[in-house]
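Chain residues, written in single-letter form:
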Amino acid sequence: MLGAGLIKIRGDKCWLDLTCMDFHYETQPVPNPMAYYLHRSPWWFHRFETLSNHFIELLVPFFLFLGRRMCILHGVLQILFQVILIISGNLSFLNWLTIVPSLACFDDATLGFLFPSGLRGLKNQVLRIQKEDTQGVQPRPSYGCMVRRVVNFSLGILVVWLSVPVVINLLSSRQVMNTSFNPLRIVNTYGAFGSITKERTEVILQGTASPNASAPDAVWEDYEFKCKPGDPWRRPCLISPYHYRLDWLMWFAAFQTYEHNDWIIHLAGKLLAGDAETLSLLSLNPFEGRSPPRWIRGEHYRYRFSLPSGQHAAQGKWWIRKRIGPYFPPLKLEDLKDYFKTREWPLPEPHLDTP
């Protein structure tokens with residue numbers, strides 16, 4: 001959490017002028033239905049959200065060292081914060097995993113109401129053990145207990161040693177986000193949304209069965225992904241804690257070029273061949289029951305949420321999109337032979353569907 005807070009104030013200036021939340025709901029990787037409405041919150045609410053984010057990520061982590069009550073408050077605030085993030089966006093399993101260590105903030109007295117009372121109840125057994133500890137009545141440690149203590153102590157030393165570069169990174173003005181400094185990957189550095197994109201762009205993959213991709217009468221049909229924005233009439237999805245990795249990667253590809261993401265050309269080749277495994281990653285194959293397309297192209301669009309009470313929303317549109325231009329030119333499978341060969345990718349074999 002501290003790493004996420006520090007990367008923000010060192011990154012995009014919108015985190016300092018409190019305007020990042022004006023854009024976040026619309027431009028996050030995979031928005032959900034609630035994000036559509038939260039995006040239209042008043043400006044003062046977005047300022048409050050940004051300030052609250054700084055408070056939770058930069059100050060609340062230190063509550064852990066300020067005694068029992070503050071530690072419990074830390075756990076409550078962190079879990080509440082993660083629940084809000086789960087409700088407002090599809091950030092996969094990230095928020096759910098962040099909740100887990102926060103559970104350690106609650107001691108037995110705090111969680112006691114969850115367990116039944118009684119002579120044989122778990123609560124009574126724990127109270128008896130605690131009473132014996134306070135009276136100094138402790139059983140002689142067994143061999144297994146001693147081994148466990150040695151292992152725990154050794155692991156603690158290892159974690160401290162591996163944490164040194166992580167702490168140095170946190171203190172550095174050139175902080176790196178989401179990086180591991182050792183092959184064991186036990187202790188890592190984290191961060192999220194160090195910069196916020198101010199407008200949403202999407203890559204829309206289209207295919208045509210026309211023999212001539214430049215023909216005016218060529219009909220280009222859109223492929224639809226399982227969750228990422230595409231069809232303006234489709235409601236944003238709700239998938240957390242599940243993670244559609246391909247949809248997530250398409251978000252990154254949209255604000256770069258296909259030269260920086262050559263895997264998207266590999267994807268196009270698979271679609272040109274009608275590869276069944278690749279098509280299973282999509283929600284709509286416009287050529288289902290037909291032969292694969294002769295050509296595939298990538299189109300670049302700018303997307304923004306429709307106004308909930310506006311004209312486009314009345315037509316059933318969740319999104320308004322405007323074409324920016326081509327993302328990559330029309331390609332056919334034969335054109336990709338050399339491209340695949342230089343990258344040592346096997347050229348997919350065309351799969352012909354029959355109606």
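What counts and what doesn't
Residues numbered from 1 in each chain as written. Predicted model: local features only at pLDDT ≥ 70, side-chain atom pairs only at ≥ 80, totals over all residues. Heavy atoms only, no water. UniProt positions renumbered as here; feature names shortened; annotations may be inferred. Helix = DSSP H or I, 4+ residues; strand = E, 2+ residues; numbered from the N terminus. Axes fitted to C-alpha atoms, helices over the stretch in contact; angles between N-to-C directions. Parallel < 35°, antiparallel > 145°, perpendicular 65-115°, else oblique. Left-handed = near helix turned anticlockwise from the far one by under 90°. Contact = heavy atoms within 4.5 Å. Nonpolar A, V, L, I, M, F, W, Y, C, P; charged D, E, K, R; others polar. Pairing = 2+ DSSP bridges. Buried < 20%, exposed > 50% of the residue type's maximum accessible area, 1.4 Å probe, protein only. Arc of directions from axis to C-beta. Phe/Tyr/Trp six-rings, centres within 6.5 Å; stacked < 30°, edge-to-face > 60°. Salt bridge = Lys/Arg side-chain N within 4 Å of Asp/Glu carboxyl O. Disulfide = S-S within 2.5 Å.

A. Fine view of the UniProt feature "domain: Lipase maturation factor 1/2 C-terminal" (unreviewed entry) in the protein. What UniProt calls "domain: Lipase maturation factor 1/2 C-terminal" (unreviewed entry) maps, in this numbering, to residues 186-329. Between the C-alpha atoms that bound residues 186-329 there is a distance of 43 Å. The span itself is 19% helix and 28% strand.

B. Representation of the packing of helix H4 (residues 43-59) against helix H5 (residues 68-88). Closest axis-to-axis distance for the H4/H5 pair is 11 Å, and the angle between their directions is 135°. One element, H4, and the other, H5, form an angle in the oblique class. You can see that H4 and H5 cross each other, and the crossing is left-handed. Here Asn53, Phe55, Ile56 and Glu57 of H4 come into contact with H5, specifically with Leu77, Gln78 and Phe81. For the contact of H4 with H5, the residue count by class is four nonpolar, two polar and one charged.

C. View of the sheet that holds strand E4 (residues 221-222). Across the sheet, four strands lie side by side as E4-E3-E7-E8; this open sheet has antiparallel pairing. Bordering the open sheet on either side are E4 and strand E8 (319-331), each of which pairs with just one other strand. Pairing between strand E7 (residues 295-305) and E8: nine bridges, direction antiparallel. Bridge pairing in E8 places glycine 298 opposite phenylalanine 328. The strands that helix H10 (residues 245-254) touches are strand E3 (200-208), E7 and E8; relative to E3, the one it contacts most, it runs at about 110°. Contacts from helix H11 (residues 263-272) reach E3, E7 and E8 within the one sheet, and its direction differs from that of E8 by about 80°.

D. Region of interest: the pairing of E7. In terms of residue burial, E7 counts as a mostly covered element, since nine of its eleven residues are buried. Where E3 lies against E7, nine bridges are found, and the strand directions are antiparallel. Bridge pairing in E7 links threonine 201 to arginine 302.

E. Spatial organisation of helix H6 (residues 94-102). Turning to H6, its buried residues are Asn95, Thr98, Ile99 and Ser102. The buried side chains of H6 occupy one side of the element, clustering within an arc of 105° when seen end-on. Summarising the geometry of H6, the exposed residues directed more than 90 degrees from the buried face are Leu97, Val100 and Pro101. Buried-residue contacts for H6 involve H5.

F. A look at the packing of helix H1 (residues 2-9) against H4. Relative orientation of the contacting elements H1 and H4 amounts to 125°, with a least axis distance of 7 Å. The pairing of H1 with H4 is recorded here as oblique in orientation. As H1 packs across H4, the resulting crossing turns out to be left-handed. Counted together, Leu2, Ala4, Gly5, Leu6, Lys8 and Ile9 of H1 and Asn53, His54, Glu57 and Leu58 of H4 form the full contact between these two elements. In terms of residue class, the contact of H1 with H4 is made up of five nonpolar, three polar and two charged.

G. Looking closely at the packing of aromatic side chains. One pass over the structure, following the stated rule, counts 19 aromatic pairs. Look at tyrosine 223 and phenylalanine 287: their rings are 6.1 Å apart centre to centre, the planes differ by 40°, and that puts the pair in the tilted class. Remark: phenylalanine 287 occurs in the loop between strand E6 (282-284) and E7 and tyrosine 223 occurs in the loop between E4 and strand E5 (224-225); sequence separation between them is 64 residues. Judged by relative accessible area, tyrosine 223 falls into the buried class, the value being 3%. Ring geometry for tyrosine 303 and tryptophan 319: centres 5.9 Å apart, planes at 70°, overall edge-to-face. Linking tyrosine 303 in strand E7 with tryptophan 319 in strand E8, this pair joins segments that are 16 residues apart in sequence.

H. Structural view of unusual backbone geometry. The step from serine 240 to proline 241 runs through a cis peptide bond, and the omega angle for that step is 10°. Inspection of the secondary structure puts proline 241 in the loop between E5 and H10. A positive phi angle is found at asparagine 178, which is not glycine, with a value near 55°. With relative accessibility at 47%, the residue asparagine 178 sits in the partly exposed group.

I. Representation of the pattern of salt bridges in the model. A complete count under the given rule lists 13 salt bridges for this structure. In this structure, glutamate 221 engages arginine 290 in a salt bridge whose closest nitrogen and oxygen atoms are separated by 3.1 Å. Of this pair, glutamate 221 sits in strand E4 while arginine 290 sits in the loop between E6 and E7; the two residues are 69 residues apart in sequence, bridging distant segments of the chain. In this structure arginine 290 comes out as partly exposed when scored by relative accessible area, which is 33%. A salt bridge links glutamate 299 to arginine 297, with the shortest nitrogen-to-oxygen separation between them at 3.9 Å. Neither residue differs from the other here; glutamate 299 and arginine 297 are each classed as buried.

J. Examining the state of the cysteines more closely. Summed over the entire model, instances satisfying the criterion amount to two disulfides. The disulfide that involves cysteine 14 links it to cysteine 20, with 1.7 Å between the sulfurs. Taking the torsion about the S-S bond as the criterion, the cysteine 14 to cysteine 20 disulfide, at about 70°, is right-handed. Residue cysteine 14 is classed as buried on the basis of its relative accessible area, which comes to 3%.

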